[in-house]
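What the coordinates show
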Amino acid sequence: MTLEIITIPCRTNNYAFLLHSNGTTALIDAPEAGPVLKALKEKGWSLDMVLLTHHHPDHIDGLPGLLAEYTPKIIGAAKDAHRLPRLDIAVNEGDEIEVGSLTGRVIDVSGHTVNHIAFAFPGAVFTGDSLFALGCGRVFEGSMEMMHESLQKLAVLPPDTMVYSGHEYTLANAKFSLTIEPDNAALQVRVKDVERLRTAGIPTVPSLLSLELATNPFLRAKDAAEFARIRQAKDKF
Ligand code: ZN
Ligand code: FE
């Protein structure tokens, strides 16, 4: 297998991911060390790289505990280096990152934070707090226009791409999504699936981009103004 990805629940509702290719292992985001160390040991993998999506504590707090046991290269946005942990490789939009035999591309998805980045590999995109399953991150630092534009960069990836997002917020997102598109049949089916999965304690992440395109109201907003209206409604939901 050229590619293996492990989803690791962390903290209350965060996800970290281990991406393994050709003997190299990369972690995407470091919410906490314990569950990541456990997963590495179970797989018998070393930690070679850590890819950071953004500077929020629930995405970087696990680093010290990981650095106590491994010496990975830390990769993050060059423009955010002042508020990220020490970076070994500082990247900008369009830069390529090699993990084993895989090549990923950095996408600037500013909005939740400015200089938030996503990592797009063939078949898998790691979106942090930009695109969520049936949702998107709160716009804390950027503008609504910026976040809308960022989501549209993700929308044009191949539709069979799996979306690995940073939080399990899908059940709440599902309830909100139905208020925006109550007659969307694909959404109705998906909400039932999400309820079943969450009742069974199963992660709803990753999700298929084509399904997000059919059901995620934030991706489906026709322009920045409609996006802003939906995002503001979600903030009050
Ligand atoms: Zn965040
Ligand atoms: Fe977060």
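Look a little higher up for the structure.
What this report covers is the structure whose coordinates are included nearby. From a predicted model like this one, the values you see are computed outputs, not experimental measurements.

1. Remarks on the coordination of the iron ion (ligand 2)
Those protein atoms acting as donors to the iron ion (ligand 2) are Asp58 (OD), His59 (NE2), Asp129 (OD) and His167 (NE2), and they sit at 2.1 to 2.3 Å. Coordination geometry of the iron ion (ligand 2): the four donor atoms subtend angles of 83 to 170° at the metal centre, consistent with an arrangement described as irregular. Written as a sequence motif, the donor arrangement for the iron ion (ligand 2) is D-H-x69-D-x37-H. Distance-wise, the zinc ion (ligand 1) is placed 3.1 Å from the iron ion (ligand 2), both being coordinated by Asp129.

2. With respect to the sheet that holds strand E14 (residues 207–208)
In any sheet, the strands associate via hydrogen bonds between backbone groups, in a parallel or an antiparallel arrangement. Taken together, the six strands give an open sheet; going across it, the order is E7-E8-E9-E10-E13-E14, and neighbouring strands pair in mixed fashion. Strand pairing shows two members of the sheet lacking a second neighbour, strand E7 (96–99) and E14, which therefore form its edges. With four bridges connecting them, E7 and strand E8 (residues 102–108) associate as antiparallel partners. Along E8, the bridge assignment pairs Ile97 with Gly104. Against the sheet, helix H4 (residues 144–155) makes contact with E8, strand E9 (117–121) and strand E10 (124–128), and its axis sits at roughly 155° relative to E8, the strand it touches most.

3. Things to note about the environment of Asp129
Of note, Asp129 is situated in the loop between E10 and strand E11 (131–132). For Asp129 and Asn14, which are 115 residues apart along the polypeptide, the C-alpha to C-alpha distance reads 9.9 Å.

Criteria and cut-off values
Residues numbered from 1 in each chain as written. Chains lettered and ligands numbered in written order. Predicted model: local features only at pLDDT ≥ 70, side-chain atom pairs only at ≥ 80, totals over all residues. Heavy atoms only, no water. Donors = N, O, S within 2.8 Å, 3.2 Å for Na, K, Ca; no water. Tetrahedral: all angles 85-135°; square planar, octahedral: opposite > 155°, others 65-115°. Pairing = 2+ DSSP bridges. Helix = DSSP H or I, 4+ residues; strand = E, 2+ residues; numbered from the N terminus. Contact = heavy atoms within 4.5 Å. Axes fitted to C-alpha atoms, helices over the stretch in contact; angles between N-to-C directions.

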